[in-house]
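These are the residues of each chain, in order.
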Amino acid sequence: MRFAILGETRAWRDDGAEVPLGGPARRALLALLLVRPGEVVSADRLADEIDPGGALSAHALQSQVSRLRTALGSASLIERAGAGYRIVADDDDVDACRFERLAREGRAALRDGDAERAVTLLREALGLWRGPALAGLAESRTAQAAAVRLEERRLGALEDRIEGELRLGEHRAAVAELRELVGRHPLRERLAGLLMRALSAEGGQAEALVVFEQTRRHLADELGADPSAELVALHRELLSADPSPSPAAPPAQLTSFVGRAGEVAELVELLGVARLVTLAGPGGVGKTRLSVEVAAAAADDVCFVELAPLRDGGALAQVLLGALGLRENGLHLGNGGQQPVDRLIGALSDRLLLLVLDNCEHLVEEAATLVARLLAACPRLRVLATSREPLGIIGEHLWQVRPLHDEAAARLFTDRARAVRRGFAADARTVGRICAALDNLPLAIELAAARLRTLHIDDLAGRLDDRLAVAARGSRTADERHRTLRSVVAWSWELLSEAEQRAARWFTVFAGGATAESALAVCGTDGETLESLADKSLLEVSGGRYRMLETIRAYGAERLDAAGEREQARRAHARHVLELVRTADPHLRRAEQLEWLAVLAAEHADLLAAVRWAVEAPEAETALELLASASTYLWIRGAAASVAPQAIALLASLDSGGDALPDRLGEEYAACVLLAASGEAGRPVWQRHRAQAEKALTAAWSGAEPGRYPAVLLPWMMRNASEAEPRGAFALVSSQRDRPEPWVRAAAEYVWGFGLLGEGGNAAAERGFGAAAEGFRSLGDRWGTALALDMLASLASARGDRATAIALTDEALTFTEQLGALEDAADLLVNRGDHVAGDDAAVARADYAKAADLARRAGSATSLAAALRGLGDIALLEQDLTEAERLYAEALDRIDPYWIKGLGNRVRALAGLGRVAEARGDRVAARSRYQEIAESAAVIGASTQDALRLMGLPESLVEAVIMLR
């Protein structure tokens with residue numbers, strides 16, 4: 001006899017026949033006896049817990065025992081023992097006992113390092129569960145206590161099994177399950193740790209850090225506790241790992257790959273000798289899927305870039321930067337005068353990478369121009385493109401992607417049919433006829449096979465014959481295949497209900513796919529409809545997001561136009577995006593910053609689409625609100641330049657319209673001006689609008705009520721400082737020091753510190769930066785905290801407290817790495833090297849070398865220049881004058897001297913060259929270098945001595961410059 005209590009209580013005879021146990025009283029009686037097989041349970045407790053109301057007498061209990069014995073077919077299975085009863089059963093005959101044994105053995109195997117055996121045992125153990133333990137016994141104290149114990153052990157076994165799977169390298173499959181478990185058990189630290197490890201192993205270090213932050217916050221809010229030492233240690237381990245961002249991975253595939261294994265192998269081999277391969281063919285032929293499989297088989301790093309959502313070819317370089325996980329600028333919001341293409345070349349110049357550009361056909365000229373430039377400048381880069389036409393540049397290898405051969409097409413149809421109809425089997429000739437009618441196009445086959453959920457195959461074949469009117473195959477051109485695919489898409493569309501059609505056509509306004517929540521809100525539909533569209537292959541769902549293949553999206557967009565709903569749908573989409581960025585904005589200045597940055601990063605393409613629509617509609621008010629509400633995200637993420645063209649276009653439309661800007665939109669206007677200035681064409685726009693924007697911003701922040709967009713204050717100050725027009729901005733921002741809002745007060749203290757520093761009051765400045773750091777840190781804002789800590793470290797170093805300077809720099813490094821600010825991390829490593837260079841040249845050299853590596857990967861010429869200057873300092877310290885001179889000269893070649901950060905690096909490199917000249921006894925050359933330094937220092941408006949100190953020059957060098965200039 002076998003018994004089960006991991007779910008509803010059940011029993012089976014040895015021949016497998018289930019025992020009819022009868023009513024709930026008998027099931028409860030059996031369950032209570034099975035909690036601990038062989039142990040006596042008193043009659044009083046059985047009666048009380050079977051019927052807590054007290055109506056079950058001793059006689060009635062005896063009657064229930066008798067009936068249960070009869071049902072089980074053996075009086076000896078339930079014994080009377082003293083004042084109670086017990087069941088005579090081996091532990092392994094009860095699923096709960098067997099589960100606990102297997103779970104113990106699995107954990108022991110895991111502890112012994114045998115992950116494969118552990119996973120096997122634990123999967124068997126967890127497979128015994130059929131539902132909640134001791135289901136239906138909610139009023140029994142004994143049953144509920146046992147259920148709690150069993151559920152806890154079940155969760156422990158789940159954790160053990162997942163840990164074993166992670167040890168076996170099964171990271172990707174574990175992530176989705178762990179996300180769901182962490183959501184249900186947010187206080188369970190082991191689950192959080194496993195998810196952090198799984199994400200990190202898949203390149204999601206930033207996401208792993210978000211998980212830690214969420215767990216830390218849950219523990220603090222609900223238990224008033226800190227994370228365990230183990231979780232903190234894991235957090236430190238992730239922070240100490242290489243902070244380089246991971247390139248965008250190919251989209252996850254949820255279905256099998258059929259019919260092109262040979263092509264994958266040939267393409268991988270071809271890419272070993274060819275640096276540009278273009279997969280060409282009509283829509284729906286399988287170019288994207290083939291590129292995904294080739295990318296998965298490639299030995300090198302892969303960056304997969306989906307270009308279908310991109311409508312502006314001028315933004316292609318910025319999109320590639322984003323896909324590589326790189327920022328357009330650092331946390332100080334400057335970019336050293338580099339354009340996106342220059343930064344790309346810098347980041348890829350020595351990197352071994354396969355760049356996959358999917359769906360190039362609508363941007364073929366821009367894609368060809370950029371690819372040609374990248375390939376010429378980056379010798380280790382290879383490109384795999386998909387397009388309906390060749391890129392047409394020298395060195396391109398064209399690979400024509402053709403429909404599947406007959407056998408593969410039939411196999412694909414059968415595979416997809418079995419996914420929707422279990423046990424599907426059909427006459428091979430019928431399947432072949434259907435595939436032939438569909439020109440063996442994979443997308444058409446998938447759409448048709450999905451219909452077998454509701455249609456018989458003969459009905460499907462007949463409908464397709466009627467629709468396509470294909471009598472025989474023969475040789476087909478790409479245009480004819482496109483017509484075939486369009487017909488199949490239209491046929492699939494027409495079979496949808498009206499609600500499904502409306503949801504599908506409205507979904508086409510999403511540029512980068514959508515979460516279920518977003519799709520429901522914009523499309524005005526329900527979850528069942530979305531799932532139905534996914535079942536019918538009109539939508540794909542992966543990683544919690546719905547997306548639509550470009551071929552289907554293009555058809556759906558036509559249907560949206562035909563229904564006269566485009567503007568209505570676009571407006572709904574823009575309003576939804578606006579609500580999202582408004583909701584996110586305050587969170588971006590708090591501890592949950594990383595979580596919300598990740599949320600908005602996933603919606604970046606849709607933010608750009610919403611802004612573009614609002615500018616072109618024109619809906620100026622919506623466009624201004626979108627830009628202002630998203631500005632905090634754009635600045636912290638280093639992506640402000642991505643909206644600069646639209647911001648410039650919006651300001652131009654406001655100029656040409658002649659309408660006065662409403663006073664209530666003054667802040668939005670100022671934010672728009674700042675964002676416009678971050679692009680390549682932004683300087684004249686800034687010069688034209690700066691004064692009016694300053695008036696608007698001053699008006700918004702001069703009253704008793706604070707403005708709506710606090711994060712505008714810091715970029716406003718930084719932009720004005722870089723343009724040598726800081727006085728008005730300084731007065732505005734520093735005047736906010738008495739505001740009750742902590743973030744605004746911290747930002748004002750940070751800016752106020754620079755004013756004190758310029759006046760030579762280092763101690764007072766340190767108090768200001770300290771107050772700023774404490775304010776930002778108390779909120780959990782890593783952006784502001786890193787900026788303030790960097791200044792505090794510089795001041796600590798200036799007064800000779802190098803230990804404090806190093807500790808502050810290390811803390812700032814933690815925050816910049818969490819934000820993915822690679823060039824800021826490089827700058828901080830240079831600073832740390834400067835702090836220790838006098839005491840430990842070897843440690844300083846390691847910091848400078850790592851900084852140079854990070855700067856190269858970030859494509860930041862200015863940060864690389866700073867690192868090279870540091871290495872030059874070490875060479876000079878070691879009396880290698882030739883190497884020092886070379887490094888200083890290379891640093892100078894990479895610096896933009898018109899940017900304040902570049903100016904500081906230029907001064908320090910010139911100082912190095914001056915010292916080289918001094919060491920060689922060439923006082924004329926040294927005097928010339930120091931005169932250049934004095935002229936550079938005059939740019940920032942302070943006295944020469946103060947300016948040089950602000951730039952971080954040692955006091956001995958400051959004195960040398962003053963003496964010899």
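Above: the structure in question.
Conventions and cut-offs
Residues numbered from 1 in each chain as written. Predicted model: local features only at pLDDT ≥ 70, side-chain atom pairs only at ≥ 80, totals over all residues. Heavy atoms only, no water. Helix = DSSP H or I, 4+ residues; strand = E, 2+ residues; numbered from the N terminus. Areas by Shrake-Rupley, 256 points an atom, 1.4 Å probe, with all protein chains shown as cover. Lys, Arg positive; Asp, Glu negative; His and termini not counted. Charge placed at Lys NZ, Arg CZ, Asp CG, Glu CD. Phe/Tyr/Trp six-rings, centres within 6.5 Å; stacked < 30°, edge-to-face > 60°. Buried < 20%, exposed > 50% of the residue type's maximum accessible area, 1.4 Å probe, protein only. Core = buried A, V, L, I, M, F, W, Y, C linked by side-chain atoms within 4.5 Å. Axes fitted to C-alpha atoms, helices over the stretch in contact; angles between N-to-C directions. Parallel < 35°, antiparallel > 145°, perpendicular 65-115°, else oblique. Left-handed = near helix turned anticlockwise from the far one by under 90°. Contact = heavy atoms within 4.5 Å. Nonpolar A, V, L, I, M, F, W, Y, C, P; charged D, E, K, R; others polar. Pairing = 2+ DSSP bridges. Salt bridge = Lys/Arg side-chain N within 4 Å of Asp/Glu carboxyl O.

Novice: Just checking my understanding: could you explain the overall build of the protein for this structure?
Specialist: Across its full length, the protein carries 45 helices and 13 strands. By principal-axis analysis of the C-alpha atoms, the protein measures approximately 110 × 80 × 60 Å. If you sum the accessible surface of the protein, you get close to 40,300 Å²; carbon and sulfur atoms cover 50% of it. A distance of 2 Å separates the average location of the 113 positive side-chain charges in the protein from that of its 139 negative side-chain charges.

Novice: Looking at this model, I keep getting lost on the packing of aromatic side chains. Mind explaining?
Specialist: Counted under the stated rule, the structure contains 11 aromatic pairs. Seen from their ring centres, W493 and Y555 are 5.5 Å apart, and the 70° between their planes marks the pair as edge-to-face. Note that W493 is positioned in helix α20 (residues 478-494) and Y555 in helix α24 (residues 550-562), a separation of 62 residues in sequence. The exposure class assigned to Y555 is buried, which follows from its relative accessible area of 9%.

Novice: Sorry if this is basic, but what is going on with the nonpolar core here?
Specialist: Soluble globular proteins tend to bury their nonpolar side chains together. Within the largest apolar cluster, 246 residues are counted, with the highest numbers of intra-cluster contacts made by F3, L61, L72, L714, Y750 and W783. Counting residues per element, this core draws most heavily on helix α28 (residues 620-637), at 10 residues. L279, F413, A448 and W493 belong to the second-largest nonpolar core, a separate cluster that totals 75 residues.

Novice: Just checking my understanding: could you explain the packing of helix α17 (residues 428-437) against helix α19 (residues 457-468) for this structure?
Specialist: Relative placement of two packed helices is described by the angle separating their axes and the distance separating the axes. Viewed as axis vectors pointing N to C, α17 and α19 meet at an angle of 30°, and their least axial separation amounts to 10 Å. Here α17 lies roughly parallel to α19, going by the angle between them. Here α17 and α19 pass one another in a crossing that is left-handed. Where α17 approaches α19, its residues T430, V431, R433, I434 and A437 are matched on the opposing element by I457, D458, L460, A461, L464, D465 and L468. When the residues that make up the contact of α17 with α19 are grouped by side-chain class, the tally is 8 nonpolar, 1 polar and 3 charged.

Novice: Would you mind going over the pairing of strand β8 (residues 353-358) with me for this structure?
Specialist: Taken residue by residue, a regular strand's side chains alternate between the two faces of the sheet. Counted residue by residue, β8 has 6 buried out of 6 residues, so it is predominantly covered. Of the two faces of β8, the one lined by L353, L355 and L357 and the one lined by L354, V356 and D358 are each fully buried. Inspection of the sheet shows strand β7 (residues 301-306) paired to β8 by 6 bridges, in the parallel sense. Residue pairing for β8: E306 is matched across the bridge by D358. Pairing between β8 and strand β9 (residues 381-387): 5 bridges, direction parallel.

Novice: Please clarify how the sheet that holds strand β3 (residues 41-42) should be interpreted in this entry.
Specialist: Paired through backbone hydrogen bonds, the strands of a sheet run either parallel or antiparallel to each other. Within the open sheet, the 3 strands sit side by side as β3-β5-β4. Their pairing is antiparallel. Both edges of this open sheet fall to β3 and β4 (78-81), since each of them pairs with a single strand only. Bridging between β3 and strand β5 (residues 84-87) involves 2 bridges; their strand directions are antiparallel. Looking across to β5, one finds that V41 is bridged to Y85.

Novice: Is there a simple way to think about the pattern of salt bridges in this case?
Specialist: A side chain of one charge can pair with a side chain of the opposite charge if their charged atoms are brought near each other. Tallied over the full model, the rule gives 69 salt bridges. Two residues, E165 and R161, come together in a salt bridge whose shortest N-O distance is 3.0 Å. With E165 and R161 both in helix α6 (residues 141-167) and 4 residues apart, this pair spans about one turn of that helix. Here E165 and R161 have matching classes, each one buried.

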